[in-house]
Amino acid sequence: MAEKIIKTEFDVERIRGDFPMLSVMVNNKPLKYLDNAATTHKPFSVIERVRKFDTEEYATIHRGTYKLGERATILYNEMRTKVASFIGAPEPRSIIFTSGATQSINLVAYSFGHRYINEGDEIIISHIEHHANIVPWQVLCEERKAILKVIPVNDNGELIMEKYEQLLSEKTRLVAITHISNALGTVNPVREIVKKAHDVGARVLIDGAQSIPHMKVNVKELNCDFLAFSGHKIYGPTGIGVLYGKPEILESMPPYVTGGDMINTVTLEKTTYAKPPSKFEAGTPPISQVIGLGAAIDYINSIGIDRIQNYEKELLIYGEKVLQDIGGIRIIGTAKNKASIISFSLENVHPHDVATILDEDGIAVRGGHHCAQPTMKRFGVPATTRASFAFYNKPEELDALARGVKKVLEIFS
Amino acid sequence: MSYQSELYQQVILDHNKKPRNFRPLENPTHSCDGHNPLCGDEITIYLKLNKDMMVEEISFSGSGCAISKASASLMTTHVKGKSVEEVKIMFDEFHRMIRGEFDPDKNKHHLGRLTIFIGVREFPSRTKCASLAWHTLICALDRKGEAYTE
């Protein structure tokens, strides 16, 4: 039945064959992995590319006067170009490799913050940010005596844009906003947000951790000043992330982490720094992980991000339908423009218990506050159960989710 | 019986649905707020100790999952009338039991019916749910400000 509901032509079984983790058994049941907003699984091509690099090509970069080192350096730089082209960045030097989206945001908070944020300045975030896009700004504001302002959301989990416009002023230095809420799935109108911020001379950082895997993101079109995302949420390795920054802004920012590889010359009295991106990549970088990230981008491109987005949209519609059909379920996050994330709560059943009972059937969902406690508070719940989909999920898995939720309701009836 | 059904036994489901001693206490001699930062669960324990340092009255309020609520509820019914010293021994045995380090089937213990929480040892991610009330109780007895699951 279910497959007829999905109209997009998409050979999901063939795609599933690319992901070894998807054939793992959990509690003697086939894994139904619905926690993709937390982390995603890797296709063979990523695993194999990293294995080949580590077993046949590995060397450190930017030092080797030997063949292997030269090749590794060329490869590493090619990955920077690949990432730049993936997100529509005109210049590879605007791509900085970090350990993940969290570090990317911290880099901006520290470096941009120390150069540009002063007493009385204002930074704007939204009510539905991940803690990674709240805490660095709180710390910065406290340190610099700056003021943190928050865009409220309506009951659907959409930003109230009139309020945003009212918050903007000549005091606004930075707007740090998520592209897609990891807890609700809301897709924020970032292009409009950027335009309005630029009108008052403010810069904009977009947390793209949830958007990069699910939709086309083009930094040139969005005209954002910074974009942060993680490798492990786009079918790549952990420990690798990206910060995109407009080159002229990156040039003007002081270093964040200091040490080797980010310098021009060092004497015991004074050091001059390299230009970006090297200025922000002190120490030996996660070379294998960068190679793996490149392979993940190749994989996504081979499927096509537009096809991924269309298929996931249908999964979302189908998933919301089968869950709502059960009754007694409250979906939290009902924005018009929504990504493939369904957060829900059941009356009198805590999400932790839901997740534990679903696990018995091999269904992996997240029960908790999703590192978004202010979002939970806004909707009056301590936590939610969250099912988040990727293009390798199939409708049958959503049927299994619905059956599991029914079982939970029976146990707690 | 699956690990899940061992965890969600009828007694636990019953205490989740109808928690005992689930109310604030007026004029407690001891109290403490407990938090589980991992999931946002919150609980407050209220105590009245008599002059012999025995638990005369105990209650709790707050929100949490079935395991944490049932654990708090059953805890209050079991520590009432016990001395502070006995409560600390129970905490130690309970804590080690849910982490799989103490088997009440093979050892002398003071846990009574609290042994139904033994199923928690199969779920390392849930031990904090079961222990939150206990950490908070110990915090109240030690007159510390707030308790966090470690």
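Relevant structure appears above.
Bear in mind the structure is a predicted one, so any value in this text is a computation, not a measurement.

### Regarding the sheet that holds strand β10 (residues 241-245) of chain A
Residue and element names in this part refer to chain A.
- Spatially, the seven strands line up as an open sheet ordered β4-β10-β9-β8-β7-β5-β6, and their pairing is mixed. The outermost strands of the open sheet, each flanked by one partner alone, are β4 (95-98) and β6 (147-151). Mean inter-strand twist for the sheet, computed between neighbouring axes without regard to direction, equals 20 degrees.
- Taken together, the four bridges between β4 and β10 define a ladder with antiparallel strand orientation. What sits directly across from Thr98, in β10, is Gly241.
- Against the sheet, helix α4 (residues 67-86) makes contact with β4, β9 (226-230) and β10, and its axis sits at roughly 115 degrees relative to β4, the strand it touches most.

### Thoughts on the sheet that holds strand β16 (residues 366-368) of chain A
All names here are of chain A.
- Strand order in the open sheet made by the four strands is β13-β14-β17-β16, with antiparallel pairing throughout. The open sheet terminates on both sides in strands that have one partner only, identified here as β13 (329-332) and β16. On average, adjacent strands in this sheet sit at an angle of 30 degrees to one another, irrespective of strand direction.
- Both β16 and strand β17 (residues 384-388) contribute to a ladder of three bridges, which runs antiparallel. Bridge pairing links Gly367 to Thr385 in β17.
- The sheet contacts of helix α12 (residues 305-326) involve β13 and β14 (341-346), and relative to β14 the element is tilted by about 10 degrees.
- On top of the sheet, helix α15 (residues 395-411) reaches β13, β14 and β17; it is set at about 15 degrees to β14, its chief contact.

### Quick look at the nonpolar core
- Counting 151 residues, the largest nonpolar core has Ile87, Phe97, Leu227 and Phe391 of chain A together with Phe117 and Leu137 of chain B as its most contacted members.
- With ten residues, the top contributor of residues to this core is helix α5 (residues 127-141) of chain B.
- Split by domain, the residues of this core number at least three in each of domain 1 (2-30 + 304-411) and domain 2 (47-302) of chain A.
- Among the nonpolar cores identified, the runner-up in size contains 26 residues, and Ile96, Ala101, Ile117 and Phe226 of chain A belong to it.

### A closer look at the environment of Glu119 of chain A
All names here are of chain A.
- Here Glu119 lies in the loop between α5 (101-116) and β5 (122-126).
- Note on Glu119: relative accessible area 61%, which makes it exposed.
- Along the primary structure Glu119 and Cys141 are separated by 22 residues, whereas in three dimensions their C-alpha atoms are 8.4 Å apart.
- Beyond its immediate stretch of four places on either side in the chain, Glu119 contacts Arg144 and Lys145.

The rules behind the values
- Residues numbered from 1 in each chain as written.
- Chains lettered and ligands numbered in written order.
- Predicted model: local features only at pLDDT ≥ 70, side-chain atom pairs only at ≥ 80, totals over all residues.
- Heavy atoms only, no water.
- Pairing = 2+ DSSP bridges.
- Helix = DSSP H or I, 4+ residues; strand = E, 2+ residues; numbered from the N terminus.
- Axes fitted to C-alpha atoms, helices over the stretch in contact; angles between N-to-C directions.
- Contact = heavy atoms within 4.5 Å.
- Core = buried A, V, L, I, M, F, W, Y, C linked by side-chain atoms within 4.5 Å.
- Buried < 20%, exposed > 50% of the residue type's maximum accessible area, 1.4 Å probe, protein only.
- Domains from an automatic or database assignment.

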